[in-house]
Structure formats: structure tokens, C-alpha cells
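So you can see what is in the structure, the chains are spelled out below.
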Amino acid sequence: SIPLQHGAHRSGNRTDADMARWRSLRFGQFVHWGLYAIAGGEWNGKIYNGAAEWIRSWKEMPTAVYDQLYKQFNPVNYHPEQWAQQAKDMGAGYMIITTKHHDGFCLWPSKYTRYTVAASPYKKDIIGPMVEAYNKKGIDVYLYFSIIDWNHPDWRTSLKTPADSAAYKRFKVFVKNQLTELLVKYPTVKGFWFDGTWDDSWKNDGAFSDELEQYLQKLHPGLIIGSRLRADERGARHFDSNNHLMGDYEQGWERKLPEQPADVHGNDWEGVMTIPENQWGYHAHWLGHIKSSNELIEMLVKSTSLGGNFVLNFGPKADGTFRSEEVQRMQEIGNWMKVNGSAVYGASEAGLGKPDWGYYTRRGDSVFMVVFNVPVSGNLRVKLPAKTTLAEASASGQPVTPELIGKNEYFIPVGNAPRHAPFVILLQTSRAAGAEGGHFEKAK
Ligand SMILES: COc1ccc([C@@H]2N[C@@H](C)[C@@H](O)[C@H]2O)cc1
């Protein structure tokens, strides 16, 4: 392997309590909120077809105009306790909030730049009350932070001249100051969700990203930081030049999910997903496919079945309210999670492969069959490993009678399970008499 100073410093997953909690929560809420919500994906009667939070880069949007939008930021209908309650009702265990997106506008009154909420008509800190409201509901908070900062005069995408290097040196101090400020002001946050780390300026400075991560960990022990922050000294990102994951979980699954265990190599990972095809910030005109609650529930269960977390994104309007399509999905998903959350919370991959009828998840000896595709036979085929015995099966607490159709192979009748939504069958298993060690190795 290649000797690296700034590659992965750990192989395998973190085993500490903070990471175990992150892993057990399984389901998060992402919130993208900022000046881009004022534009809402349109300007001068034209609709921007890109992602709403990127409208500043649209040729039809004069950057000078965008950079004045802060003078209109005044979310009179922003009620963080209502935001937190609806996230709780959805069943989210953690939330990720954009403290600063690529445009550089800070939702907290940073003392390192004037381009913050303090300069807006709203004046007040947005982040503090949000962290407090979500924590009060028992929801952990993570802070999204964009390294790219289109507003800051010292940001550079690449370093071409000594002046660039001098500016970027100042910029790195600014970044470290803002991150320190966020941890000091909001000490209950559990981690950072970094973005905007693909430009050469950052990619070619693996040493800084490594030192920054270690500095933040020392400042706030237990902090959870994904793989998108760092580059190694050869410019490799997410996985270092020896193909070892950097950071605490693989953070590359954005608007896409792994298909099979081999795609995630046993690493902790998190997928982040939009309800429309590709909008993170508020866009007044959602174009293309809008995912239904059942589609989103399937993505959540699929993620759990592959040992990862699933984070669903919401883009509040400029006034602080959520659009009806988002409120509806929070309620529908929450109703399902209230009944079936046990198949997700604290659960992970079952090691039983991928059945046609849906997904297996598992927590200890409890195996959850989450059914999305009911077979015309009305029988769900289950194959358990040789060393595993099936103690009992139940659906919504009612016993279900499996039919033994072969060695450790069963048909589980679907019976009169509902057809309009996914449902869960619980298999209580135990290790077969005389079997030693784990009894969930891959079913043959
Ligand atoms: C160059 O492609 C992208 C795509 C998405 C992003 C940002 N990551 C998502 C989590 C959103 O914040 C989006 O703006 C940045 C660059």
C-alpha cells in the first residue's frame, strides 16, 4: 500500500457510543433553507431548471441581485418548535440544517463575516432556536457547512498565483474560525455534514482537511463527520489512495442508494434524498417525478436493509413554512413509522439476501420482513441459515403460521395484510441447539 500521512486513520467502523447512536437512529431529516428560498427557483418571470439553491450560478440571475436578497430575509412564519414537532411526528431521529450553503449566507450571527442573518430584517439567530427546539423533542442536530463560499473574497476554486495562495490561506483561517464558532455556540450538535469540497483548492490540500478534522474532534470529542470533508495528500476523496474510507461514514450517496452489500463494503454510510428529482432548497415549480410516501418508505427500509442511514430533504419557503407536498409526506411516513418503525430503528442488514417480496432487516434475533411486493401465490418465501431456528412469526402482533416447505425454508402466508402500503412480518429466531457463534452468516 501507499504510505500516506493524510489518508484514513482507522480501518473499520467506529465502535463508540456516539456512532452507535447515529447508527441506531437510521432516519434523518435534511433541511435546506437560505436566501435561495426567496428566489424559489425563478427570477424575472423565468423558471430556473437547476437546483434552487444554485440559482446564483444561473446566467439569468445577476449575482449582484442575488447578493442583495438578504435584505428581504424575514421569515415571519418561522416556528422552530413546529418544525421539530412535525419532524418528530415523521419519525426522524436526527436533523441536518444548512448553516451556510455555497452562497455564503450564514443562518447564525457569525462574527467572522457581515453576510449573516444579523444583517437581514429578521436580525435574530435562526440556528440556536432550531437546535434547542429539535433537541427538546429528542432529535439530534447535525450542521451542514459548505466549504465553498461564493460570497467570501478569499474563496478560490484553484490556486494559480501567489496572491491566490495568500487569499486562500486567509480563507482557511476563516473556515476554521466559523466551525469553531458553531461548536462553541451550539455545543449539543452531534456532527458536521460538509459539502462543497470538490474544487482543486481544497482537494489539493489534504493536510489541511486532515488537520481540521482532528482539530474539530479534539474540540468536540465524539463529533461525527462524513467522508466528504477530506482529501488525502494525493487528492483522493472519500476513499484514500489505498481505498480506505476517510471520515466516520461514507457520505457519497446523494440522490442515489447502494443496491447490494458489496456497494458499501461493510462501512457505515448515509444516503440523502430529495422528494422531487433534484431540488434541495425551495423551488416554486417542482418539475419531473415527485416521490410518493411509499417510494420514500421503501428507500428508508432499503437503506436499513443495507446497514445505512436515510435522510429525507425538505426545503422550507422563505417565510418559514413548508409546502403542502412536504407536510403530507411527513405525516404519511410518520403514520407508517409509528406502526412499523421497529423494523428500522436499531435495525441493520439481516444477512439473508434480497427477497423478491421486499427487504429483510434485523435487530439481534428479531428478523423483520418488510413486504412491498405481494406474490400472486400469497406466500412469502423465507430461507433461514442452517443454524437458525424460527421460533414464531407475527404480523401486527397477530401470530402467523409458517409452512415448512424445505430444510429451513418456509412459506409465510400474506393472509389479509393491507395492500395499499408496505407491511411488516416479525420472525423471532434463535440459534439452533448446538450451533455456536453468529447464526446469520449469508444464507446459501
Ligand atoms: C456539482 O453537483 C452538486 C450537486 C449537489 C450539490 C449540493 N449537495 C446537496 C446536499 C445540496 O446541498 C446541493 O446543493 C453540490 C454540487
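Above this text you will find the structure in question.
As the structure is a prediction and not an experimental result, all values here were calculated from the model. (Residues numbered from 1 in each chain as written. Predicted model: local features only at pLDDT ≥ 70, side-chain atom pairs only at ≥ 80, totals over all residues. Heavy atoms only, no water.)

## Things to note about the overall build of the protein chain
When you go through the protein chain residue by residue, the secondary structure sums to 10 helices and 19 strands. Scaling as 2.2 N^0.38, a compact globule of 444 residues should have a C-alpha radius of gyration of about 22 Å, and the protein chain matches this with 23 Å. Taken along its principal axes, the extent of the C-alpha atoms in the protein chain is 75 × 55 × 35 Å. Here the protein chain holds 444 residues, and the buried ones make up 56% of them. Taking the intrachain contacts of the protein chain between residues at least 6 apart in sequence as the baseline, contacts between residues at least 24 apart amount to 70%. Taken as a whole, the protein chain presents about 18,600 Å² of accessible surface, with 51% of it coming from carbon and sulfur. The positive charge centre, built from 50 side chains, and the negative charge centre, built from 48, are 2 Å apart in the protein chain. (Helix = DSSP H or I, 4+ residues; strand = E, 2+ residues; numbered from the N terminus. Rg over C-alpha atoms; globule rule 2.2 N^0.38 Å. Buried < 20%, exposed > 50% of the residue type's maximum accessible area, 1.4 Å probe, protein only. Contact = heavy atoms within 4.5 Å. Areas by Shrake-Rupley, 256 points an atom, 1.4 Å probe, with all protein chains shown as cover. Lys, Arg positive; Asp, Glu negative; His and termini not counted. Charge placed at Lys NZ, Arg CZ, Asp CG, Glu CD.)

## Notes on the pattern of salt bridges
Overall, the coordinates contain 19 salt bridges when judged by the stated rule. With its nearest N and O atoms 3.0 Å apart, the salt bridge here joins arginine 170 to aspartate 154. Taken together, the residues span a long stretch of sequence, with arginine 170 in helix α6 (residues 162–185) and aspartate 154 in the loop between β5 (140–146) and α6 at a distance of 16 residues. You can call arginine 170 partly exposed: its relative accessible area is 46%. The network of salt bridges with common partners includes Arg10, Arg14, Asp16 and Asp248. (Salt bridge = Lys/Arg side-chain N within 4 Å of Asp/Glu carboxyl O.)

## A word on the environment of valine 272
With respect to the secondary-structure elements, valine 272 resides in strand β9 (residues 269–273). You can call valine 272 buried: its relative accessible area is 0%. For the pair valine 272 and lysine 317, spaced 45 residues apart in the sequence, the C-alpha separation amounts to 20 Å. Apart from the residues within four sequence positions on either side, valine 272 is in contact with Phe30, Trp193, Trp253, Glu254, Arg255, Trp280 and Val311.

## Details of the sheet that holds strand β16 (residues 398–400)
One open sheet holds the 6 strands; their spatial order is β11-β12-β13-β19-β15-β16, and the pairing between them is antiparallel. The open sheet terminates on both sides in strands that have one partner only, identified here as β11 (348–349) and β16. Looking at chain direction, β11 and strand β12 (residues 358–363) are connected through 2 bridges and run antiparallel. Residue pairing in the sheet places glutamate 349 in a bridge with threonine 361 of β12. (Pairing = 2+ DSSP bridges.)

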